[in-house]
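# Coordinates in review
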Amino acid sequence: MTNRTIKKVAVLGSGVMGSRIACHFANVGAEVLLLDIVPKEGTDRNKIVNEALAAALKSNPSPIYDKRFAKRIKTGNFDDDLSKIKDCDWVIEVVVERLDIKQQVLANVEKYRTPGTLITTNTSGIPIHAISEGRSEDFKKHFCGTHFFNPPRYLPLLELIPGPDTDPAVLSFLEEYGSRVLGKVTVLCKDTPAFIANRVGVYGIMGLFHLIEEMGLTVEEVDRLTGPVLGRPKSATFRTADVVGLDTLVHVAKGVLANCPNDEQNATFALPAYLQQMVEKNMLGSKTGKGFFFKDRSSPKGDILQLDLKTLEYKPQVKPKFATLDAARKEDDLKKRMMILYTGSDKAGEFYRKSFHGLFAYVSHRIPEITDALYKIDDAMRAGFGWEMGPFELWDAVGVKNALDAMNAAGVKVAPWINDMLAAGNSSFYKVEGGKRLYYDIPSKSYKPVPRAEGTIVLSELPESNIIWKNKLAQVRDLGDGILCVSWGGKMNVIGAEVIQALNKAIDLAEQGYKGLVVYNDGALFTAGANVGMIFMMAVEQEYDDLDMAIRTFQNTMMRMRHSSIPVVAAPHQLCLGGGTELCLHADKVVAHAETYMGLVEFGVGVIPGGGGSKEFALRLSDELKEGDIRINALRERFLTIGQAKVSTSGEEAFGLGYLRRGTDEVIVSRAHQLAYAKECALDLWEKGYTKPPMRTDIKVLGREGLGIVYVGANSMQSGNYISEHDTLISQKLGHVLCGGDLSEPTEVSEQYLLDLERKIFLELCMQRKTLERLQSIITSGKVLRN
């Protein structure tokens, strides 16, 4: 089993899930055969599959990392091409959610499938044992459920559901392959209705559907209470329902209602009257244009209206005001914030207590029914529903005993094992000991390590003793084998004075007897960039000397990373904007997560990249410069990347924008393996005889030849009303740096020359009133002002 490789994958069914699963296998380099039925009419036998794939590739957000990867997908139909599955290492059935159709498709698959190859079904609730009925012994041995969550590229959960005859080696392989290659959080489930994530997640949503009636809350109020403040996605509850589709939610709820008569919360899965009426009126959410929210296109601004659940009429949204919410928003630490929400004395506090208590009791009763290990429920909710904290982690955050006392007082009954756990002196579901995260194991009544994939490092679980230096926001840790790691926190992980101090300190320490440094952050994102608020304050107060010093310090730190005596590897994920991209541009190597959104976005706040980003683009332009038209085109491309504040929609796309270098930088799909791999890369650079790169003095800039192109382009854009007068000014200033200033001919200049020029231009722009207005807009409203 360990020698199994996946080179070719067949995906049977090209609907929303099938086409997107096919795209994700193409993302990781597999050859994909995507098949569907032959249309009843017409001569194009692949019309259904081709149109489905084309629709998926056009959809937003894109299911594919790079449009070039779509070439890895070949299409066909069940009648003409099913025999081709004999060459595939894994066949995934993703046809309609009907047992009879799935059984029929798999009976045909058995005729052509090569024995010993993997065969799985993507279902959100049909029993796995029923689907494989009547199949051969070899088929059943290599068969299980693989429940991907939509959209498969972005939601990391992959539930694995064994059938009664599944070979354990098949499950072990899929767990490892799912994590390492597909970048998934793989969760082994029992073959119970709705498995783990949907069983708990849909209970949570249905519970809120009933609670909103009981407490007389509005749709908008519940979404405010259950969004980012709770560590949940921005779409919260009702917007999520609209996006997923009410028909899908109702389908899962009805499935649990019918198939789980012994579930103590069975009645919660019954539809409230308003929901039943919405389904009857085809108000299913985004797919029908009307759901809990409705975009009124007849209004001038296209107002988003909310549904009044009593009348089923739409009404304007009113921003809810709750004292508990106001207090919680001031707290960045999620665990502390949960306590503020849970102990609130207003209606919001009451809402949180009721919903938390219901959730806590529900998950306590699901063990051992849906899983034997509580961490699997938390893993599934984080990876499948985008929760930052799973139910048991949330319960830990508000205090297990504390919440249990309140639940007892409210008459909410938990499973007996909770009382047994507390009676034995165990006060939490998780704890960290000796660099390992432990969970309370119910069968053995003791703590066991949460299993981690081999070759992974979890920063938050390393022992405190590994921290060799820290300040208020940042830490430098020893990862072992001579490699250090610098990381930081704070709101949006912005790069301010503490982070700059930590980066310098990390390089100091690494140069005193270590082999390399990794720059990596835990949490939701890498960094939103430099501290814009600090820049704005200095510019408004006209403290230009201090601002000059701050920019110079940032530039010097980036140059220290580039020209230190040890290799520096940056490992970004999710948002990596402005100063974060500049940091990556100066690393010896970047190991970017596949979901990394990189961009030099300074133009939007009225300045140019001032931390070495403009200099680095000029340097990279020089390295690829050729004579004539190609030279001008290369300048135009580099200029537009910064001038249009382009952000990559994936790690792969960052290569095309010039933020990453082909042949040097890499993209990794598994977030769990990213830190360990970045460490390995730093060690590899050291062992290959790393030498300190010299300061560059041979950067060829175009001078007036390039400036002419920039000025003509900016002026024509302004005269066509595509950009404002201020945009034109910033464009000219940016061109000034990329072309090396007002030089009479192409000239070779040094890195320091360009850094000084970049800093001078940055300061000049900070003196402009319109730049200050842009900075203020981004700070106060988070919106880019185009003045």
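The structure reproduced in this document is the subject of the present report. Keep in mind that this is a model prediction, so the values were computed, not measured.

About the criteria used
- Residues numbered from 1 in each chain as written.
- Predicted model: local features only at pLDDT ≥ 70, side-chain atom pairs only at ≥ 80, totals over all residues.
- Heavy atoms only, no water.
- Buried < 20%, exposed > 50% of the residue type's maximum accessible area, 1.4 Å probe, protein only.
- Helix = DSSP H or I, 4+ residues; strand = E, 2+ residues; numbered from the N terminus.
- Pairing = 2+ DSSP bridges.
- Right-handed = clockwise from strand over helix to strand, strands pointing away.
- Phe/Tyr/Trp six-rings, centres within 6.5 Å; stacked < 30°, edge-to-face > 60°.
- Lys NZ or Arg CZ within 6 Å of the ring centre and 35° of its normal.
- Axes fitted to C-alpha atoms, helices over the stretch in contact; angles between N-to-C directions.
- Parallel < 35°, antiparallel > 145°, perpendicular 65-115°, else oblique.
- Left-handed = near helix turned anticlockwise from the far one by under 90°.
- Contact = heavy atoms within 4.5 Å.
- Nonpolar A, V, L, I, M, F, W, Y, C, P; charged D, E, K, R; others polar.
- Patch = residues over 30% accessible without salt bridge, like charges linked within 9 Å, V, L, I, M, F, W, Y side chains within 5 Å.
- Areas by Shrake-Rupley, 256 points an atom, 1.4 Å probe, with all protein chains shown as cover.
- Salt bridge = Lys/Arg side-chain N within 4 Å of Asp/Glu carboxyl O.
- Lys, Arg positive; Asp, Glu negative; His and termini not counted.
- Charge placed at Lys NZ, Arg CZ, Asp CG, Glu CD.

What follows covers the pairing of strand 7 (residues 157-162). In terms of burial, strand 7 is a largely internal element, five of the six residues being buried. Here five bridges tie strand 6 (residues 143-148) to strand 7, and the two strands are oriented antiparallel to one another. Each residue of the ladder has a partner; that of Cys144, found in strand 7, is Pro162. Pairing analysis gives four bridges linking strand 7 to strand 8 (residues 185-188), with the strands arranged parallel. If you follow Leu160 over to strand 8, its bridge partner there is Leu188. Between strand 7 and its parallel partner strand 8, the chain crosses via helix 7 (residues 168-180), and the hand of that crossover is right-handed.

In this section: the packing of aromatic side chains. Each pair of aromatic rings is reported with the distance of its centres and the angle of its planes. Scanning all chains against the criterion turns up 28 aromatic pairs. Note on Phe173 and Tyr177: the rings are 5.6 Å apart at their centroids and 25° apart in plane angle, and the pair reads as stacked. Of this pair, Phe173 and Tyr177 both sit in helix 7, four residues apart, which is roughly one turn of that helix. Accessibility classification places Phe173 together with Tyr177 in one group, the buried group. Between the aromatic rings of Phe269 and Tyr362, the centroid separation amounts to 6.3 Å while the plane-to-plane angle is 50°, which identifies the pairing as tilted. One end of the pair, Phe269, is in the loop between helix 11 (246-259) and helix 12 (273-280); the other, Tyr362, is in helix 15 (residues 347-365), and 93 residues separate them in sequence. Assigned by exposure class, Phe269 and Tyr362 land together as buried. Note that Arg4 overlies the ring of Phe173, its terminal NZ or CZ placed 5.8 Å from the centroid. Lying over the aromatic face of Phe617, Arg638 brings its terminal NZ or CZ to 4.8 Å of the ring centre.

Helices that pack against each other are described as a pair by the angle of their axes relative to one another and the distance between those axes. At their nearest, the axes of helix 24 (residues 613-624) and helix 30 (residues 751-766) sit 8 Å apart, and the two run at 135° to each other. For the element pair helix 24 / helix 30, the angle class is oblique. Considering the relative orientation of helix 24 and helix 30, their crossing is right-handed. Across the interface between the two elements, Gly613, Ser614, Lys615, Ala618 and Leu619 from helix 24 touch Glu751, Leu754, Leu755 and Glu758 from helix 30. Classifying every residue of the contact of helix 24 with helix 30 gives four nonpolar, two polar and three charged.

Take a negative patch on the surface next. On the surface, a cluster of negative charge is contributed by Glu541, Glu543, Asp545 and Asp546. With respect to the helices, strands and loops of the structure, Asp545 is situated in helix 22 (residues 544-562).

Glancing now at the sheet that holds strand 7. As summarised here, the arrangement of the eight strands in space is 3-2-1-4-5-6-7-8, forming an open sheet in which the pairing is mixed. Each having just a single partner strand, strand 3 (73-77) and strand 8 make up the two edges of the open sheet. Averaged over neighbouring strand pairs, the angle between their axes works out to 25° when direction is ignored. The sheet contact formed by strand 5 (residues 118-121) and strand 6 spans three bridges and is parallel.

This part takes up the sheet that holds strand 10 (residues 304-308). The antiparallel open sheet is built from three strands, whose spatial order is 9-10-11. Strands at the two margins of the open sheet, each flanked by one partner only, are strand 9 (293-295) and strand 11 (313-316). Neighbour-to-neighbour, the strand axes of the sheet open up by a mean angle of 45°, direction not taken into account. As paired elements, strand 10 and strand 11 share four bridges and run antiparallel to each other. From the neighbouring strand, Gln306 faces strand 11, where its bridge partner is Lys315.

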